[in-house]
Amino acid sequence: MQGASRSALAHVRSELGRRLSEGADAADTSRELFAAVDVLDGNAGLRRALTDSTHDASSRAGLVDTVFGGKVGDPVLALLREVSSQRWTRDRDACDAVEELAVASAFAAADRRGRIDEVEEQLFRFERTVAGSADLRDAFMDRQRAGADKASLVHALLDGKAEPETAFLAARGAEHPRGRRYERVLEDYLRVAASVRQQLTAIVTVATPLTPEQRDRLARALHNLYGREVMTNVVVDPEVVGGVRVQVGDEVIDGTILSRLENVRRDMAG
């Protein structure tokens, strides 16, 4: 998001945190916010009306009450009023913000139950599984396949094997990708998880699995480097030969043998 939308998003994130700290049920909040996303996605006129800064904030809040009153709980209704009160660069940004709040609430629900680490790890692993399977990628990209059918596929793969929040988010993303590739949806959800945890997330690629001691050392090294906690998601790829490749956001620290060989090949070619 750019410009006014970035500031607006920061404001509604703060409001979500306040509502959850005051006792709002995080799981219910997530489900109701996702339902609001579906309403907004399906009605461009409503999106424009709720974000039209030429109308005063009270009239926009009144529209929120008219559309969502009695359909969502008081905490979510208050959050949607806050969304409508902000200035957004694009009306789609407001809808994207509501989705982010919904995802953050789902992770907050997992955090309250002491299983956010497991949910984040499982969601990452599922994204890697989909990315590595042509059959699954095709199934989730098939425009002729109903969203509910894609969600059912997720539940068949994850129910009983993952935490409820993992299955909920993975199924939600499959049924309502909102124009994105499925893997991108899950990546977006994981970025929200990092913000909920107020930490960075590193994708670590190695040739062989790390031992618990190696993971601990790596986590400490990244913490010292970035000055904050870094969640490490490990990908095993024998093609890297040896060493480790760490990606944190757009920054890449590549110490793999494959990388060094490629550098040598480029130097020889030059």
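Above this text is the structure in question.
A brief report on the enclosed structure follows.

All right, on to the overall build of the chain then. Along the backbone of the chain there are 13 helices and 4 strands. On the principal axes, the C-alpha backbone points of the chain span a range of 65 × 45 × 40 Å. Taking all 270 residues of the chain together, 42% fall into the buried category. When contacts within the chain are restricted to residue pairs at least 6 apart in sequence, long-range pairs at least 24 apart make up 68% of them. Roughly 13900 Å² of accessible area belongs to the chain as shown, and the carbon and sulfur atoms make up 49% of that amount. Charged side chains of the chain number 38 positive and 44 negative; the gap between the two group centres comes to 2 Å.

For the structure on display, the rule yields 3 aromatic pairs. Centroid distance phenylalanine 34 to phenylalanine 168: 5.8 Å. Interplanar angle 65 degrees. Geometry classified as edge-to-face. With phenylalanine 34 in helix 2 (residues 26–41) and phenylalanine 168 in helix 10 (residues 164–175), this residue pair connects regions lying 134 residues apart in the sequence. When the centroid spacing of 6.3 Å and the interplanar angle of 80 degrees are considered together, the rings of phenylalanine 126 and tyrosine 182 count as edge-to-face. With phenylalanine 126 in helix 7 (residues 116–131) and tyrosine 182 in helix 11 (residues 182–196), this pair connects stretches of sequence that are 56 residues apart. You can call phenylalanine 126 buried: its relative accessible area is 6%. Here the aromatic residues Phe126, Phe140 and Tyr182 are joined through ring pairs into a cluster of three or more.

Right, let's get into the pattern of salt bridges. Applying the stated criterion to the full structure yields 23 salt bridges. Here arginine 178 and aspartate 41 are joined by a salt bridge, their closest N and O atoms 2.7 Å apart. Here arginine 178, found in the loop between helix 10 and helix 11, pairs with aspartate 41, found in helix 2; they are 137 residues apart in sequence, far enough to count as distant. Look at aspartate 41 and you get partly exposed, because its relative accessible area is 25%. Between arginine 181 and glutamate 183 there is a salt bridge, with the nearest N and O atoms lying 3.7 Å from each other. Assessed through its relative accessible area of 45%, arginine 181 is described here as partly exposed. A relative accessible area of 7% places glutamate 183 in the buried class. Taken together, the shared-partner salt bridges in this structure form one network comprising Asp41, Arg92, Asp96, Glu99, Arg178, Arg180, Arg184, Asp188 and Arg191.

As a further point, take helix 5 (residues 74–85). The end-to-end C-alpha distance of helix 5 is 16 Å, a good match for the 16 Å that 12 residues give at a rise of 1.5 Å each. Along helix 5, the residues classified as buried are Val76, Leu77, Ala78, Leu79, Leu80, Val83 and Ser84. Buried residues in helix 5 make contact with helix 1 (4–21), helix 2, helix 3 (44–51), helix 4 (57–68) and helix 6 (91–112).

Bringing the side chain of glutamate 183 into the picture now. Relative to the helices and strands, glutamate 183 resides in helix 11. Contact partners of glutamate 183, with chain neighbours within four places excluded, come to Glu127, Val130, Ala131 and Arg137.

The next thing to look at is the packing of helix 3 against helix 6. Each packed pair of helices is defined by two parameters, the angle between the axes and the distance between the axes. Their axes nearest at 8 Å, the elements helix 3 and helix 6 cross at an angle of 95 degrees. Taken together, helix 3 and helix 6 sit at an angle that is classed as roughly perpendicular. Between helix 3 and helix 6, the contacting residues are Arg47, Arg48 and Thr51 on the first element and Asp91, Arg92, Ala94 and Cys95 on the second.

What follows deals with the environment of leucine 153. Structurally, leucine 153 is set in helix 9 (residues 147–158). In this structure the C-alpha to C-alpha distance between leucine 153 and leucine 33, which are 120 residues apart in sequence, comes to 23 Å. For leucine 153, the contacting residues outside a window of four places in its chain are Leu136, Ala139, Phe140 and Arg145.

Right, let's talk about empty space enclosed by the protein for a bit. Applying the stated criterion across every chain, the model contains 1 cavity of 30 Å³ or more. Lining of the largest cavity is provided by 13 residues; of these, Leu40, Leu50, Val83, Ser84 and Ala94 occupy positions nearest its centre. Tallying contributions element by element places helix 6 first for the lining of the largest cavity, with 4 residues. Of the residues that constitute the lining of the largest cavity, the class distribution is 9 nonpolar, 2 polar and 2 charged.

Cut-offs used in this document
- Residues numbered from 1 in each chain as written.
- Predicted model: local features only at pLDDT ≥ 70, side-chain atom pairs only at ≥ 80, totals over all residues.
- Heavy atoms only, no water.
- Helix = DSSP H or I, 4+ residues; strand = E, 2+ residues; numbered from the N terminus.
- Buried < 20%, exposed > 50% of the residue type's maximum accessible area, 1.4 Å probe, protein only.
- Contact = heavy atoms within 4.5 Å.
- Areas by Shrake-Rupley, 256 points an atom, 1.4 Å probe, with all protein chains shown as cover.
- Lys, Arg positive; Asp, Glu negative; His and termini not counted.
- Charge placed at Lys NZ, Arg CZ, Asp CG, Glu CD.
- Phe/Tyr/Trp six-rings, centres within 6.5 Å; stacked < 30°, edge-to-face > 60°.
- Salt bridge = Lys/Arg side-chain N within 4 Å of Asp/Glu carboxyl O.
- Expected span 1.5 Å × (residues − 1).
- Axes fitted to C-alpha atoms, helices over the stretch in contact; angles between N-to-C directions.
- Parallel < 35°, antiparallel > 145°, perpendicular 65-115°, else oblique.
- 1 Å grid on protein atoms, 1.4 Å probe; cavity = no way out; pocket = protein on both sides within 12 Å on 5 of 7 lines; lining within 4 Å.
- Points joined across faces, edges and corners; volume = space filled by probe spheres on them.
- Nonpolar A, V, L, I, M, F, W, Y, C, P; charged D, E, K, R; others polar.

Keep in mind that these numbers describe shape and distance, not what the molecule does.
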